[in-house]
Amino acid sequence: MEVEDKKPVFTHDSVVLDCRDAEGLADFYARLLGWHRCPGGDEWAAVANPEGTFHLYFQAEPDYVAPVWPASPGCQQMMVHLDFAVNDLEAAVAHAVSCGAKVADTQYLKNVVVCIDPAGHPFCLCKHGN
C-alpha cells in the first residue's frame, strides 16, 4: 500500500509574548487594538481580533528581561516584534501612547514608528502607501 505524500496546511493562529505581567500586557493590547480579552490561565492571558481568527497570548515569565531597542551588544536581544498596519500614523501613535506605549528614541523609516509596549517589546505602526 502506497502512502500519499500530503502537505500539511498551516494557518497563522497566534503569537506568544513573554512578559512579567500577562494580565497587564493583555489589557494594554486589548486597548491598543480594540480586540477582546479571551479566557486565560494562571500564567497567561490572551486577546483576539474581532473575528476570533488571530490571538496574541502573553505568558508570565518571572525572569523576563525586556529587549533593548535598537539592539546593543551584550544586552537582551529582541526575538520578535509585531507590525501593525495603520491608516493614520499620527493618530495611531497618539493612541498607542495614550494606551501606555512609549515612542522609541531611535526611528529608521519615514512611514513606520517604532513604539515600546509596557513590557519593553518593540512594535511598529506602519503606514503603507499614500
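What counts and how
- By convention here, each chain's residues receive numbers from 1 onward along its written sequence.
- A pLDDT threshold of at least 70 governs which residues receive local features in this predicted model, and a stricter bar of 80 or more applies before side-chain atom pairs are shown or counted, although totals over entire chains, interfaces and linings include all residues.
- Processing note: side-chain calculations cover all non-hydrogen atoms of the structure and skip hydrogens and water entirely.
- The way it works is that DSSP assigns letters per residue, a run of H or I at least four long becomes a helix, a run of E at least two long becomes a strand, and they are numbered from the N terminus.
- Contacts between residues were defined by any pair of non-hydrogen atoms, one from each residue, lying within 4.5 Å.
- Only buried Ala, Val, Leu, Ile, Met, Phe, Trp, Tyr and Cys residues count toward a nonpolar core, and they belong to the same one when joined by side-chain atoms within 4.5 Å.
- For the exposure calls, accessible area comes from a 1.4 Å probe over protein chains only, and a residue counts as buried if that area is under 20% of its type's maximum, exposed if over 50%, partly exposed in between.
- Each direction from the helix axis to a C-beta atom contributes to the arc, which is the arc of those directions.

**A word on the side chain of Asp-117**
Stage number 1. Mapped onto the secondary structure, Asp-117 falls in the loop between strand E7 (112–116) and strand E8 (122–126).
Stage number 2. Those residues in contact with Asp-117 that sit more than four places away from it in its chain are Leu-25, Phe-28, Tyr-29 and Phe-123.

**What about the nonpolar core?**
Stage number 1. Of all hydrophobic cores here, the largest spans 32 residues; its most connected members are Tyr-29, Leu-56, Phe-58, Phe-123 and Leu-125.
Stage number 2. When residues of this core are traced back to their parent elements, those giving at least two are strand E1 (14–19), helix H1 (22–33), strand E3 (44–48), strand E4 (55–60), strand E5 (82–85), helix H2 (89–99), E7 and E8.
Stage number 3. At seven residues, H1 tops the list of elements feeding residues into this core.
Stage number 4. The residues contacting Leu-56, other than those within four sequence positions of it, are Val-15, Tyr-29, Leu-33, Trp-35, Ala-45, Ala-46, Val-47 and Leu-82.
Stage number 5. By size, the runner-up hydrophobic cluster in this structure holds six residues, among which are Ala-104, Val-112, Cys-124 and Cys-126.

**Quick look at H2**
Stage number 1. Residues of H2 that are buried: Leu-89, Ala-92, Val-93, Ala-96 and Cys-99. One side of H2 carries all its buried residues, which in axial view fall inside an arc of 125 degrees. For H2, the exposed residues lying more than 90 degrees away from the buried face are Glu-90 and Ser-98.
Stage number 2. Residues of H2 that are buried sit in contact with H1, strand E6 (102–103), E7 and E8.

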